[in-house]
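# Analysis of the macromolecular model
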Amino acid sequence: MLVAIVFMLLVVISVAFHLLSPWWFTPLASNWDTIDLTVDITFWVTGAVFIAVNMFMAYAVIRFRNRGPDSKRALYEPENPRLELWLTIVTAIGVAAMLAPGLVVWNDFINVPEDAWEFEVVGEQWRWTYRLPGEDNKLGTSNSSFVNINNPLGVNPNDPDGQDDLIITSNVVHIPIDKPVKLLLRSKDVLHNFAVAEFRVKMDLVPGLVSYLWLTPTRAGTYVVLCEELCGLGHFTMRGKVVVDTQEDFDAWQAEQVTFAETQAVAKGDAVAGQPLYAVCAACHGQNGEGVVALNSPKLSGQEDWYLERQLYNFKHGIRGTHEDDVYGQQMAPMVAVLADDAAIRNVSAYIGTLPLHVSEQSTSGDVERGRKLYVTCGTCHGMNGEGNYATNSPKLSGQEDWYLRRQLENFKTGVRGSHPDDLFGPQMGSMARMLRSDKDMDDVIAYINTFPQVVTDKVAQVNLERGQ
């Protein structure tokens, strides 16, 4: 009897949990209510089978339990054609009830409306970027062979249709409401999966292929994009946002984006023009960018220009250095204000690139071998020797002062840095930094970073040689 009671309680508790559970579908925000229906049908069919099987087992335990000499013995029947026929029919109906709606929905899913607006989603470790058609409403061709630091999406520079394409390097993309949209999905590196729970659609991004999905957004709002395919150690940080706008708001946002042609027309930094601008920086960071510990100013020499440009841009636009607890970041804001525009930022970064690289003194001690194991996660982005990697938007760590690295890890962990909504890569670093749970973890990782080789070079001579001086 106890076993039978357990079976019946299992049914009652399971049904009650299903009906009363707070974990249910997110609010539907697209036209794919039929996907919800197919899931509901699957729940009902499998639920009915679950109830029937468990209740039958409870009945069998009670009906054929041992009652002593008066017990009725269960008869073994190796064949029962009538029962087998009914089981086959019922099973076939159940399977058909689950599969048929899915096939109907899949047919709708692969047949995109002719008036659907197309745009491209590009996945890479560990972020999302996008490309929208420009005024001609046509996307240009693309190829991985065209990918470089100035053309991260690999747009074909020789295709006239691609010149007015809008390049969205942010993790946030906007789409218009009540309009069919087709998403062309492409991966730059490994297998990813584009998924938005409220849209009820998802699809893999396969390197070398262009897959797709489509939907009609029905609710304005902001929705989280997830990668639902394990794509590496930083997989959990690969998040983005889709904003569903009214057509008016979408048009206004679209007008603010830059075209591919505009991104290619950006002039490189001029080190000569950047030299007088660096005078303000030198007051804290040193004449040769060697950094000054007493002023809490890190070393600048040896760092990549693209990273310096991004940080100067972030300081100038309040994306970094505005947190109330970022004492030293707040000091940077008035200093960066002397750089009038993006061209000035590029020029001063170019000049910093000509400064001789100095070897930093070590001030942090820790368990190097333990730090080597902890650094594996860091190395997936920053390189196993801390050399940095533009493809993952990760700066060089080798040669940087250990006291500065320690402060930045603490700032990322506590949200002092990287929590601004316009910081594209800060949230990723915040998640990774929180994997170092204690001060000892940070000390050990930094101690291991201190073992990386620091190559001392003089870029001034190289630059002068290129100029023919």
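Keep in mind it's a predicted model, so treat the numbers as computed, not measured. (Residues numbered from 1 in each chain as written. Predicted model: local features only at pLDDT ≥ 70, side-chain atom pairs only at ≥ 80, totals over all residues. Heavy atoms only, no water.)

## Things to note about the sheet that holds strand S6 (residues 192-196)
Taken together, the five strands give an open sheet; going across it, the order is S4-S10-S9-S6-S7, and neighbouring strands pair in mixed fashion. Strands at the two margins of the open sheet, each flanked by one partner only, are strand S4 (172-176) and strand S7 (201-205). Here the strands of the sheet are splayed against their neighbours by 25° on average, with no regard to which way each runs. In the packing of helix H4 (residues 247-255) onto the sheet, contacts are made with S4 and strand S10 (239-245), and the angle to S4 comes to roughly 140°. (Pairing = 2+ DSSP bridges. Helix = DSSP H or I, 4+ residues; strand = E, 2+ residues; numbered from the N terminus. Axes fitted to C-alpha atoms, helices over the stretch in contact; angles between N-to-C directions. Contact = heavy atoms within 4.5 Å.)

## With respect to the packing of helix H11 (residues 402-414) against helix H13 (residues 439-449)
Where H11 contacts H13, the axes come no closer than 10 Å and their chain directions differ by 140°. As the angle between them shows, H11 and H13 are arranged oblique. Considering the relative orientation of H11 and H13, their crossing is right-handed. Between H11 and H13, the residues in contact are Asp 402, Leu 405, Arg 406, Leu 409, Glu 410 and Lys 413 and Asp 439, Met 442, Asp 443, Ile 446 and Ile 449, respectively. (Parallel < 35°, antiparallel > 145°, perpendicular 65-115°, else oblique. Left-handed = near helix turned anticlockwise from the far one by under 90°.)

## Focus on the nonpolar core
Phe 119, Trp 128, Tyr 130, Leu 132, Leu 183, Phe 194 and Phe 199 are the most contacted members of the largest nonpolar core, which has 37 residues in total. When we break this core down by domain, the ones giving at least three residues each are domain 1 (2-65 + 78-110) and domain 2 (117-265). Counting 17 residues, the second largest nonpolar core, distinct from the first, contains Ala 271, Leu 300, Val 336 and Leu 339. (Core = buried A, V, L, I, M, F, W, Y, C linked by side-chain atoms within 4.5 Å. Buried < 20%, exposed > 50% of the residue type's maximum accessible area, 1.4 Å probe, protein only. Domains from an automatic or database assignment.)

## What to know about the pairing of strand S9 (residues 221-227)
In this structure, S6 lies alongside S9, joined through two bridges in antiparallel fashion. Its bridge partner being in S9, Ala 195 is matched across the sheet by Leu 226.

## Description of a nonpolar patch on the surface
A cluster of nonpolar side chains, Leu 10, Val 15, Leu 19, Leu 20, Phe 50, Ile 51 and Met 55, forms an exposed patch at the surface whose accessible area comes to about 610 Å². Ranked by residues supplied to the nonpolar patch, first place goes to helix H1 (residues 2-20) with four residues. Relative to the helices and strands, Phe 50 is located in helix H2 (residues 33-63). (Patch = residues over 30% accessible without salt bridge, like charges linked within 9 Å, V, L, I, M, F, W, Y side chains within 5 Å. Areas by Shrake-Rupley, 256 points an atom, 1.4 Å probe, with all protein chains shown as cover. Salt bridge = Lys/Arg side-chain N within 4 Å of Asp/Glu carboxyl O.)

## A look at the sheet that holds strand S8 (residues 211-215)
Ordered in space as S3-S2-S1-S5-S8, the five strands form an open sheet in which the pairing is mixed. Pairing within the sheet leaves two strands with one partner each, and these edge strands are strand S3 (166-168) and S8. The sheet shows a mean angle of 25° between the axes of neighbouring strands, taken without regard to direction. Relative to strand S5 (residues 181-187), strand S1 (residues 117-124) runs parallel, the two sharing seven bridges. By the bridge assignment, Glu 118 is partnered in S5 with Lys 182.

## Comments concerning the packing of aromatic side chains
For the structure shown, the criterion picks out 20 aromatic pairs. Geometrically, the ring pair formed by Phe 17 and Trp 23 is tilted, given 6.2 Å between the ring centres and 40° between the ring planes. Given a relative accessible area of 51%, Phe 17 falls into the exposed group. Here the aromatic rings of Trp 306 and Tyr 307 are separated by 6.1 Å at their centres, their planes lie at 85°, and the arrangement is edge-to-face. Each member of the pair, Trp 306 as well as Tyr 307, is classed as buried. Site record: aromatic cluster; members linked through ring pairs are Trp 117, Phe 119, Tyr 130, Phe 250 and Trp 253. Its guanidinium or amino end placed over the ring of Tyr 212, Lys 182 lies 4.7 Å from that ring's centre, counting from NZ or CZ. (Phe/Tyr/Trp six-rings, centres within 6.5 Å; stacked < 30°, edge-to-face > 60°. Lys NZ or Arg CZ within 6 Å of the ring centre and 35° of its normal.)

## So, the domain arrangement of the chain
Splitting the chain by domain gives domain 1 (2-65 + 78-110), domain 2 (117-265) and domain 3 (271-468). When each unit is reduced to the centre of its C-alpha atoms, the spacing between domain 1 and domain 2 is 38 Å. Contact between domain 1 and domain 2 buries roughly 1,300 Å² in total, counting both sides, with carbon and sulfur atoms accounting for 53%. A salt bridge links Asp 36 to Arg 200; its shortest N-O distance comes to 2.6 Å. Inspection of the region where domain 1 meets domain 2 yields eleven residue pairs in polar contact (both at pLDDT 80 or more). Elements supplying a minimum of two residues to the side of domain 1 that touches domain 2: H2 and helix H3 (81-110). Broken down by element, the residue count for the side of domain 1 that touches domain 2 peaks at four residues, all from H3. (Buried area = accessible area lost by both parts, 1.4 Å probe. Polar contact = N/O pair within 3.5 Å; in protein donor to acceptor, adjacent residues only side chain to side chain.)

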